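Geometric and topological summary
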Amino acid sequence: MTEFKRDGSHLASYPPVEKWDDWVEYDAEAWPRRVERHYQLVPTICFNCESACGLLAYVDEETGQVEKFEGNPRHPASRGRLCAKGPATITQIHDPDRILYPMKRSGPRGGGKWTRTSWDEVLETFGARIRKAFQENRGEEVMYHVGRPGHDFIMERTLQAWGIDGHNSHTNVCSSSARLGYLLWHYADRPSPDHANARFILLLSAHLESGHYFNPHAQRIIEGKMAGAKLAVMDPRLSNTASMADYWMPSYPGTEAAVLLAMAMVIFKENRFDATFVKNWTNWEELEVDGFSAKGQSFEALIEALKRHYAKFTPEFAEKESGVKAEVIVKTACEIAAAGSRFASHLWRGSASGNLGGWQAARALMLLHVLTGSVGTPGGHNLNAWNKFVPRPFKNPPPQKRWNELLYPQEWPLCTHEMSPLLPHFLKEGRGRIEAYFTRVFNPVWTYPDGFSWIEMLRDEEKVGLHAALTPTWSETAWFADYVLPMGFSSERHDLMSQESYAGKWIGFRQPVLRVLQEREGKKFDYTYQANPGEVWEEDEFWINLSWAIDPDGSMGIRQWFESPYRPGQKLTVDEYYGWIFENSVPGLPETAAKEGLKPLEYMRKYGAYEVTTDVYKQNEKPVAPADLSGSKIETNLVVTKEGKAVGVMVDGAAVVGYNTPSRKLELFSQTMADWKWPEFALPEYYRSHIHRSAQAASMGKPGEGCDPDFDKRYMPLVEWPKDSNGEVYTLLPIFRLPHLIHTRSGNSKYLYEIAHKNPLWVNPVDAQKLGNIHTGDLLKVHTEIGFFVLHAWVTEGLAPGVVACSHHMGRWRLNKDDQIERMSSAWVDLKEVGKGQWKMRQTSGVEPYETTDPDTMRVWWSDAGVHQNLTFPVHPDPITGMHCWHQMVRVERAGADDRYGDIFVDTNLSFAVYQRWKALTRPAPGPGGLRRPLWIPRVVRPEEAAFYMNKT
Ligand code: SF4
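Quick caveat: nothing in here was measured; it's all calculated off a predicted structure.

Quick look at the pattern of salt bridges now. Under the criterion given, the structure shown has 70 salt bridges. Residue aspartate 21 is joined to arginine 520 by a salt bridge in which the shortest nitrogen-to-oxygen separation is 3.6 Å. Pair noted here: aspartate 21 is in the segment before β1 (23-26) and arginine 520 is in helix α19 (residues 513-520), with a separation of 499 residues, a long-range link. Sharing partners across several salt bridges, the network here consists of Arg129, Lys132, Glu136, Arg138, Glu141, Arg433 and Glu435.

This is the structure in C-alpha cells:
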C-alpha cells in the first residue's frame, strides 16, 4: 500500500531536514478525526547499546514533551534505522519509577532507605573526600568503574587530569578475549568488517541479530546478502542469525578455533592462499616453530613448515572436536578462498568470551583473512582504528605516573583491560581498599559473575569508603551505594561517539533535547539538570564540577583542565568543550557548517552526526610521512625507526606505515607471547576449553575419556563439585543476548519487557529424555561449582545435544516490595545470608500489575521476571587475557519437592576457592626488562612509560 501525507512525502521516507522545526503528523489516538500534532525534531544518539545509532526526538510543540523517537536519516552509520531498543527510549524517559533526584542513603548501607539530597551536597562530599585522598597520596583509592561508556575520551581525560590510575571497566566480562586475538595480529583490537561489499561473510555467534554494532552492521550484512554474498554462522545455538545463514555450523562450544584452523589447512593444502599478501604483509621471517626457524629460509620452506605444524587440523579432526561436519568445513573453506579479498567476518563475544583460550578463535579467524589477503580491502576485514574517529579537546593532561595493581595486577600481564571481575577477591586478599568508588551505568551485582561476592564487598565500609552509583535506572548495585545519582538517557545528556560501523569515519553528537530546544528559544541554563526531568544530570557537567570541587582554588593543578579555552580561569561549559572540538579537531566540519551559515557546534546540534570520510581501506600502505622519514633508519628486519621509535616498514622497496605491531606487519608469529612465557602460543593455535568434553569427564573422576593429556596436566582439576550436587554434566551457554534487551537498563522499558521477560533453560530433546523425560515448563535444578539455580526447561532442537543455554538478560530482583528495581521487570525476593558466605534467595512474588501515574503499569500481564543465573557463577579469569570465561560446566537434574522457581543458593567461600584455582594458571610479570606488561600493547588510560617497570610504583 502506498500512502502519502498531505505534504507529499511517502510514509516510508523521513521528515526532510527543512521541516524538522515544524513537523506535522496526525494524532493517531484521535483517529478517525484528522487532528494535527506539531513537532520539533531534535537529533541525538541512542544510549541503549554501543552502536550509537542516530535518534530523532519528536518534541510536541504544545506539551513541550518528547513524544517519540525515530531514526535520524542523517546519521551515516544507522541511516535512519533502529532496532527495537532505540524507539523504546521513550518508555525509559517517561518511566514513572525512574530516579529523578540525587539520593543519599539514610540507614545502614544496603538497608534500602534513601532521602533526597542536592547536587551541591554531593559535589561537596565527594570533592572533600577525594581531595583528602589526593593530598595524602592515596590517589589509587579513587576509582571510576564504567559499565556502558557511551562517550569517547572525556573520562580518560578527567582521570588523567586528576593524575590517577583509576579507570576500571566491564570489558573483562565482555570482549577482552577476542581483543587479544586481534591485537596480537595487528594492534587494533577489533575488526571493522566491510560487510556490504563482501562475497562471503562468516559470523561467530549471533552477530547479525544481537552482536556488536548490530543495527549498523546488520543492515550492511543484509546489503551484502542482497548483492549475492553468502553467510555462514558458527554458533551452537540456532539463533535468528543462524536461521538467516546459508551455512549453520553448530560447533561444540570452545572448539571454534579447531574448525577455523581446519579451514585454513584446506586453503593451504589446495594452495588457494594469497602468497604475495602473506609474504609482503606478515612477519613470516620471524617465525620459529617445531624446531624450524624461518630466518634465512625461503617463503616456500615457511609454507611447508606451517603445513606440517597445522597438519593435525584435518576436517575430520575438526568434526570430531566440534561436531561440525567435515564436508561443511571443506565447503565453507572453499567459499572463503573463492571470496578472496572480499571475505568479511566478525567475532566479538560468544566463543571468545565463553571459553578458556577463547581468544585463539579470533587469532585463527584472522589467519583466514591473512591467507585470503582480505585485510584492508573492500569487502574484507578492516581495523577498528581505521574507522573510528575520536577527536581531541583543547588541551590534554599528561599521563599519570602511578600504576594501580587493583586494575592491572602482575598475574595477568597480557590482559587487554582491567581485571575488574576480580575486584572483590582482590580486596578480600588485602590488596587495597577504595576510598571513593563511582559505578557508572554499571551493575556488577547483577551483570557480573559471583554477584554475592560483590555484595559482600560493597556493604563493607572498610573496603569501600564511599560509593556513588551514577545511573539512569535503579539497579541491584545501586541498592548498596551511599549515593544514587540520576544520569540522563539518550535525550538528556551530551556525549560524542564514533564506532567502526563501515569503511568510513563518522562522529555522532548526543544532546539533551529539552535543553537544546529551550536554548534555541532564548532560555538560558547553567546546567542540564535544570532542563531535564526532575534533576537528572549528565556526567560531563558532573565531572567538570566535581573537578572544581576537588581543587577549588586551582592549587592542586586539577582545575586548569576544566577551565574554558575561551574565557581564561572560568569554568568550562559543555558548549565550549564540544564547540572547540568541532571547530578544531574534526576535518572538514567547519567548512561544511560554514556552507550552511552555521558554526560547527550549531551544525552538530542541527544534524546530530557528521561523516568525516568514506572508503577507508589499506591504511597500512600509506607512505611514511616525510617528517617521520627524515632522519629515520631502516633496521635489519626492515622496520623504519626514528629516534628509537618505529614509524613504518619497508614493503616492496617503499617505506609505508604498516601496522602498530613490533614488526609493523601482521604478526603470524608473536614474539611477545614467546617473551612473556607462553611460547606454545606464539602462533595461532587451538586448545581445549575448560568446558570441553574431556574436562567434563575429568570433573566426574573419569580422566582418560577423550582426554588430552596436555590439557589434563595444565588445567586439571579446575572444577570441583559441591558435595550435594547431582545430575548429568552439561556445558551451559549463559551469555546469549536477546536483541531487544539492554543488559540492566531495559528494566524500566515497558515495551521491551512486554516482548521478552523469561529465560528458560534450552535443552535438546535427546537430553530432555536423558534427564527423565523432561518437558517444556518442567522445573530443573542447575548446579554450578558454587551453588545452584532453579528454572523452567524449554525443550528445543535449536541447540546441540550436550549443551544447555540460558539468556543472561533476565532475572532482575528487588528487595523491597514496592520500590527500587522497576516492578514490571523484577521479582520481589527474600535474600538471606544463612551462614558465613552462604546466600539463599527465594522469590516472594513475580511480576504483578501495579499502580502508578502510567495506566499501563496496571496492564502488565506477565508474571515471570526470569532467574538470575549469574549469581551462581564463580569467576573464571583466563590466565592470559584475564577475560572471565563465561561458559559453565553444570550438573542438571529435575528439581526436587523443596525447590521453587527462582531459588538460588551460593557459597562465596567456594567462589573464592575457584578464583584461587584459576589464578594458579597464570604466568605473572615481570617480563623482559622488568616490565609489568609489553610496552606496545595498549592500555586504557595509559600511564607514563616509567610506570610500566616493576621497580616503579
Ligand atoms: S542498535 Fe539499537 S540499541 Fe543499539 S544504538 Fe542502535 S538503535 Fe540503539
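What follows continues from the structure just given.
Turning our eyes to something else, we now look at the environment of phenylalanine 542. Tracing the sequence through the fold places phenylalanine 542 in helix α20 (residues 539-550). Separated by 196 residues in sequence, phenylalanine 542 and histidine 346 place their C-alpha atoms 37 Å apart. Excluding residues that lie within four positions of it along the chain, phenylalanine 542 makes contacts with Trp119, Val122, Leu123, Phe438, Leu470, Leu485, Met487 and Trp537.

As a further point, take helix α3 (residues 154-162). Taking burial as the measure, the 9 residues of α3 include 8 buried ones, the bulk of the element. Residues of α3 that are buried in the fold lie against α2 (119-135), β7 (142-146), β8 (167-169), α20 and α21 (574-584). At the C-terminal side of α3, glycine 163 shows a positive phi close to 75°.

Here we take up the site of the ligand. Close contacts around the ligand come from Cys46, Asn48, Cys49, Ser51, Ala52, Cys53, Leu82, Cys83, Lys85, Gly86, Phe214 and Asn215, and that covers them all. Here the residues of the shell around the ligand are counted per class, giving 7 nonpolar, 4 polar and 1 charged.

Moving on, we come to the nonpolar core. Ranked by internal contacts, the top residues of the largest apolar core, which has 113 residues, are Leu423, Tyr437, Phe452, Leu761 and Ile880. Top contributing element to this core by residue count: helix α18 (residues 451-458), with 5 residues. Membership of the second largest hydrophobic core comes to 73 residues, among which are Ala232, Val278, Phe313 and Ala337.

Quick look at the side chain of asparagine 870 now. Of note, asparagine 870 is situated in the loop between β34 (838-845) and β35 (888-894). On the accessibility criterion, asparagine 870 (4% relative accessible area) is buried. Not counting the four nearest positions on each side in its chain, asparagine 870 is found in contact with Trp446, Thr447, Tyr448, Pro449, Asp450, Gly451 and Trp886.

What follows covers the sheet that holds strand β21 (residues 505-510). Backbone hydrogen bonds hold the strands of a sheet together, and the pairing may be parallel or antiparallel. Within the open sheet, the 3 strands sit side by side as β20-β21-β22. Their pairing is antiparallel. Edge positions in the open sheet fall to β20 (495-497) and β22 (609-613), since each of these has one partner strand only. On average, each strand axis in the sheet is inclined to that of its neighbour by 20°, with strand direction left out of account. Bridging between β21 and β22 involves 4 bridges; their strand directions are antiparallel. From the neighbouring strand, tryptophan 506 faces β22, where its bridge partner is glutamate 611. Against the sheet, α21 engages β20 and β21, with an angle of about 30° to β20. Of the strands in this sheet, β21 and β22 touch helix α23 (residues 600-607), which is tilted by about 115° from β22.

Sheet architecture is open: 4 strands sit in the order β23-β24-β25-β26, paired in antiparallel fashion. Looking at strand neighbours, the two that pair on one side only are β23 (633-634) and β26 (654-656), the edges of this open sheet. One ladder, built from 4 bridges, connects strand β24 (residues 639-642) with strand β25 (residues 645-651); its direction is antiparallel. Within β25, the residue paired with valine 639 across the bridge is valine 649.

This brings us to the side chain of threonine 282. Following the sequence through the fold, threonine 282 ends up in the loop between α9 (275-281) and β13 (288-289). By relative accessible area, threonine 282 is classed as buried at 1%. At 2.7 Å, the side chain of threonine 282 and the backbone oxygen of valine 278 are in polar contact. Excluding residues within four positions of it along the chain, threonine 282 makes contact with Phe277, Val370, Lys665, Leu666 and Leu668.

As a further point, take unusual backbone geometry. The phi torsion of most residues other than glycine is negative, and most of the peptide bonds are trans. Of note, the amide linkage connecting tryptophan 31 to proline 32 takes the cis form, showing an omega dihedral of 10°. Inspection of the secondary structure puts proline 32 in the loop between β1 and β2 (36-45). Residue alanine 925 is joined to proline 926 through a cis peptide bond whose omega torsion reads 15°. Despite not being glycine, aspartate 450 shows a phi value in the positive range, around 65°. Considering the arrangement of structural elements, one finds aspartate 450 in the loop between α17 (444-447) and α18. Unlike most non-glycine residues, valine 941 shows phi in positive territory, near 50°. With respect to the secondary-structure elements, valine 941 resides in the segment after α30 (908-919). On the basis of relative accessibility, which here comes to 6%, the residue valine 941 falls in the buried class.

Scanning all chains against the criterion turns up 51 aromatic pairs. Ring centres 5.6 Å apart and planes at 70° place the aromatic pair tyrosine 39 and tyrosine 58 in the edge-to-face group. One end of the pair, tyrosine 39, is in strand β2; the other, tyrosine 58, is in strand β3 (residues 54-60), with 19 residues separating them in the sequence. In this pair, the class of tyrosine 39 matches that of tyrosine 58, namely buried.

Take the pairing of β34 next. Pairing of strand β33 (residues 826-835) with β34, which is carried by 7 bridges, proceeds in the antiparallel orientation. When the bridges of β34 are listed, valine 829 appears paired with glutamine 843. Relative to strand β36 (residues 904-907), β34 is paired through 4 bridges, and the arrangement is antiparallel. Looking at the pairing, tryptophan 839 lines up with valine 906 of β36.

Right, let's get into the packing of α21 against α23. A packed helix pair is summarised by two numbers, namely the angle formed by the two axes and the spacing between the axes. Taken N-terminus to C-terminus, the directions of α21 and α23 make an angle of 100°; their axes are 8 Å apart at the nearest point. Considering the angle they form, α21 stands roughly perpendicular to α23. For the pair formed by α21 and α23, the contact residues are Asp575, Tyr578, Gly579, Phe582 and Glu583 on the first element and Pro600, Leu601, Met604 and Arg605 on the second.

To continue, consider the environment of threonine 573. Along the polypeptide, threonine 573 turns up in the loop between α20 and α21. The partly exposed category is assigned to threonine 573, whose relative accessible area is 32%. For the pair formed by threonine 573 and aspartate 540, sequence separation is 33 residues and the distance between their alpha carbons is 9.1 Å. Among the polar contacts listed, one links the side chain of threonine 573 to the backbone nitrogen of glutamate 576, at a separation of 3.1 Å.

So, how was this worked out
- Residues numbered from 1 in each chain as written.
- Predicted model: local features only at pLDDT ≥ 70, side-chain atom pairs only at ≥ 80, totals over all residues.
- Heavy atoms only, no water.
- Salt bridge = Lys/Arg side-chain N within 4 Å of Asp/Glu carboxyl O.
- Helix = DSSP H or I, 4+ residues; strand = E, 2+ residues; numbered from the N terminus.
- Contact = heavy atoms within 4.5 Å.
- Buried < 20%, exposed > 50% of the residue type's maximum accessible area, 1.4 Å probe, protein only.
- Near = heavy atom within 4 Å.
- Nonpolar A, V, L, I, M, F, W, Y, C, P; charged D, E, K, R; others polar.
- Core = buried A, V, L, I, M, F, W, Y, C linked by side-chain atoms within 4.5 Å.
- Pairing = 2+ DSSP bridges.
- Axes fitted to C-alpha atoms, helices over the stretch in contact; angles between N-to-C directions.
- Polar contact = N/O pair within 3.5 Å; in protein donor to acceptor, adjacent residues only side chain to side chain.
- Phe/Tyr/Trp six-rings, centres within 6.5 Å; stacked < 30°, edge-to-face > 60°.
- Parallel < 35°, antiparallel > 145°, perpendicular 65-115°, else oblique.

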